[in-house]
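# Residue-level structure breakdown
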Amino acid sequence: MKHIEVRAEHEYKVHIDAHFEGVLHEVSQSHNKVFVVAPQYIVDNYQLEKFLHPLENASLFVVPDGEHQKDISILEKIWQSMGEAGITRSDALVAIGGGATTDLGGFASATWLRGISWYAIPTTLAAMVDASVGGKTGINSQSGKNLIGSFHSPLGVYVDLRFLKTLSDRDFAAGLAEVIKVGFIRDSLILDLLQTHTSIASAREIAEELIFRSVFVKADVVSQDFQESKLREILNYGHTFGHAVEKYGHYEVRHGEAVSIGLVFAAELSGRLLGLKSDVITLHRQLLEQFNLPTSTNLSLPPLMELMRSDKKARGNNLRFIGLNSIGSPHWLENVSAGDIEAVYERIAQ
Ligand SMILES: NC(=O)c1ccc[n+]([C@@H]2O[C@H](COP(=O)([O-])OP(=O)(O)OC[C@H]3O[C@@H](n4cnc5c(N)ncnc54)[C@H](O)[C@@H]3O)[C@@H](O)[C@H]2O)c1
Ligand SMILES: [Zn+2]
């Protein structure tokens, strides 16, 4: 098993190639009570109840699948259930699921009794390479995605690669969008690997290496700038436009699919404002399209602009983006004009 250390409000490790049954057992031994949060799909397909049953101090809370679980009404039910289970400061929460579940479970643990310990067991590629690492937890609200949240790092992240076997190609590809993002901002070897593993099936064969490399970069960046004062923003490459697409589509598109369109937008913007070479822009489209990820949009620009302005990364009325000078060299773009955005939008509009 490989480990990667993260230095945040406390140090913790991301363990790659763990077995979730063993992790549940260990966590239940080191806490008085354990409160497990998991989506229906994982409960049904991974016999979670069977593994939890012998652990007498564990209780299970089943959440709906998908983005809709990141809602205040679900969180309220979790709080109520934690109260009924008598969860105290010395107890722990375990979130087993995709990024929506680790965001929600992490936020429940951040808010219960002003913060209890938690562990993340990510079950999608997106959650393994991104959502479960870095300590950002939260839910969505009427005003926007992830606007309510907290920095609250887990005590450990346990990646069990066996979960990927049941992950659909669509969800695997959505996770690859974040991996490709990491390749462009920091680790060009990822881009080399994906130029020789050009199908989803062949990328699945190198999943462990892709996860290790992506988590390594995220852990390094987060360890230097946990609260996102500046450096950590590079992880938002592709996300300003991506979040707007995701919100406009009422979360019907996967986060990674929206980020895929956002990455091409950011690359084209970098071509216009930073002179990013056209072959690098083409490489964005090539790598994303080979995994059937979308690289253009038919959504109209004015509402997307509105959503970008309300994004939590916006400062005042100014639109800010992370751009690229070249592969591995991100650049902060402040005050991007509406004219530049319109011109770049034309290049990705269907
Ligand atoms: N906190 C962060 O830093 C951070 C970073 C990136 C993304 N996120 C969040 O993560 C979420 C996206 O993550 P996601 O794509 O994992 O979403 P998700 O949790 O909604 O999972 C996608 C779908 O896959 C199913 N699923 C989960 N594990 C499975 C498995 N092993 N086999 C088959 N199906 C499985 C889920 O039930 C769900 O229907 C978004 O809410 C995003 O905002 C957070
Ligand atoms: Zn993301």
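Scroll up to find the structure this text is about.
Residues numbered from 1 in each chain as written. Chains lettered and ligands numbered in written order. Predicted model: local features only at pLDDT ≥ 70, side-chain atom pairs only at ≥ 80, totals over all residues. Heavy atoms only, no water.

## So, the sheet that holds strand E6 (residues 117–122)
Spatially, seven strands are ordered E1-E2-E9-E6-E5-E3-E4 in an open sheet, and the strand pairing comes out mixed. Edge positions in the sheet fall to strand E1 (2–7) and strand E4 (58–63), since each of these pairs with one other strand and no more. On average, adjacent strands in this sheet sit at an angle of 20° to one another, irrespective of strand direction. Inspection of the sheet shows E6 paired to strand E9 (residues 156–159) by two bridges, in the parallel sense. Residue pairing for E9: Tyr 119 is matched across the bridge by Gly 156. Each of E1 and strand E2 (11–16) is contacted by helix H10 (residues 207–224), which is oriented at about 20° to E1, the strand it contacts most. (Pairing = 2+ DSSP bridges. Helix = DSSP H or I, 4+ residues; strand = E, 2+ residues; numbered from the N terminus. Axes fitted to C-alpha atoms, helices over the stretch in contact; angles between N-to-C directions. Contact = heavy atoms within 4.5 Å.)

## What about helix H5 (residues 99–111)?
The end-to-end C-alpha distance of H5 is 18 Å, a good match for the 18 Å that 13 residues give at a rise of 1.5 Å each. Where burial is concerned, most of H5 is hidden: 12 out of the 13 residues are buried. For H5, the set of buried residues is Gly 99, Ala 100, Thr 101, Thr 102, Asp 103, Leu 104, Gly 105, Gly 106, Phe 107, Ala 108, Ser 109 and Ala 110. Phi for Leu 113, located one or two positions after H5, is positive at around 55°. (Expected span 1.5 Å × (residues − 1). Buried < 20%, exposed > 50% of the residue type's maximum accessible area, 1.4 Å probe, protein only.)

## Notes on the layout of surface pockets
Over the atoms rolls a probe the size of a water molecule, and in doing so it shows where empty space is left. In this structure, the second largest pocket encloses a volume near 290 Å³. Around the second largest pocket, the lining residues are Glu 67, His 68, Lys 70, Asp 71, Ile 72, Asn 140, Ser 141, Gln 142, Ile 148, Lys 247, His 250 and Tyr 251. For the lining of the second largest pocket, the class distribution of residues is three nonpolar, five polar and four charged. No fewer than three residues from each of domain 1 (2–165) and domain 2 (168–348) sit in the lining of the second largest pocket. (1 Å grid on protein atoms, 1.4 Å probe; cavity = no way out; pocket = protein on both sides within 12 Å on 5 of 7 lines; lining within 4 Å. Points joined across faces, edges and corners; volume = space filled by probe spheres on them. Nonpolar A, V, L, I, M, F, W, Y, C, P; charged D, E, K, R; others polar. Domains from an automatic or database assignment.)

## Section: the site of ligand 1
Neighbouring residues of ligand 1: 24 residues in total, closest Asp 65, Glu 67, Thr 123, Thr 124 and Lys 145. Asp 65 places a side-chain nitrogen or oxygen 2.5 Å from an oxygen atom of ligand 1. Here an oxygen atom of ligand 1 sits 2.7 Å away from a polar atom, N or O, in the side chain of Lys 145. Contact with the protein chains covers 90% of the free accessible surface of ligand 1, which is 870 Å². For the shell around ligand 1, the secondary-structure elements that each account for two or more residues are helix H2 (40–45), H5, helix H6 (125–131) and strand E8 (144–151). Grouping the amino acids of the shell around ligand 1 by side-chain chemistry returns seven nonpolar, eight polar and nine charged. (Near = heavy atom within 4 Å. Polar contact = N/O pair within 3.5 Å; in protein donor to acceptor, adjacent residues only side chain to side chain. Areas by Shrake-Rupley, 256 points an atom, 1.4 Å probe, with all protein chains shown as cover.)

## A closer look at the packing of aromatic side chains
Summed over all chains, the structure comprises nine aromatic pairs. A centroid spacing of 5.2 Å and a plane angle of 35° characterise the contact between Phe 20 and Phe 163, whose relative ring orientation is tilted. Placement of Phe 20 in helix H1 (residues 20–30) and of Phe 163 in the loop between E9 and helix H7 (169–185) is noted, with a sequence separation of 143 residues between them. On the basis of relative accessibility, which here comes to 4%, the residue Phe 20 falls in the buried class. Connected via pairs of aromatic rings, a cluster forms that spans Phe 20, Tyr 46, Phe 51 and Phe 163. Geometry around Phe 172 places Arg 204 over its ring, the cationic atom sitting 4.7 Å from the centre. (Phe/Tyr/Trp six-rings, centres within 6.5 Å; stacked < 30°, edge-to-face > 60°. Lys NZ or Arg CZ within 6 Å of the ring centre and 35° of its normal.)

## Remarks on the coordination of the zinc ion (ligand 2)
At the metal site, the zinc ion (ligand 2) is ligated by Glu 178 (OE), His 239 (NE2) and His 255 (NE2), and these contacts range over 1.9 to 2.1 Å. The sequence pattern describing where the donors of the zinc ion (ligand 2) fall on their chain is E-x60-H-x15-H. Linking Glu 178 in helix H7 with His 255 in helix H12 (residues 255–274), this pair joins segments that are 77 residues apart in sequence. (Donors = N, O, S within 2.8 Å, 3.2 Å for Na, K, Ca; no water.)

## Quick notes on the pairing of strand E11 (residues 329–333)
Moving residue by residue along a regular strand, the side chains alternate between the two faces of the sheet. Pairing geometry for strand E10 (residues 321–326) and E11, over five bridges, is antiparallel. Of the residues in E11, the one forming a bridge with Gly 323 is His 331. Hairpin connection, E10 to E11: the antiparallel pair is bridged by two residues, and Gly 328 has positive phi, about 85°.

## Brief notes about empty space enclosed by the protein
All chains considered together, the criterion is met by three cavities of 30 Å³ or more. Space inside the largest cavity adds up to approximately 150 Å³. Lining the largest cavity are 11 residues, and of these Gly 144, Lys 145, Leu 307, Ser 310 and Asp 311 lie nearest its centre. Structurally, the lining of the largest cavity is a two-domain feature, drawing no fewer than three residues from each of domain 1 (2–165) and domain 2 (168–348).

## A look at the pairing of strand E3 (residues 34–39)
Counting buried residues along E3, six of its six residues qualify, which places the element largely inside the surrounding structure. For E3 and strand E5 (residues 92–97), the ladder comprises four bridges, and the chain directions are parallel. Paired with Val 34 across the strands is Ala 92, a residue of E5.

Function cannot be read off these values alone, since they describe shape.
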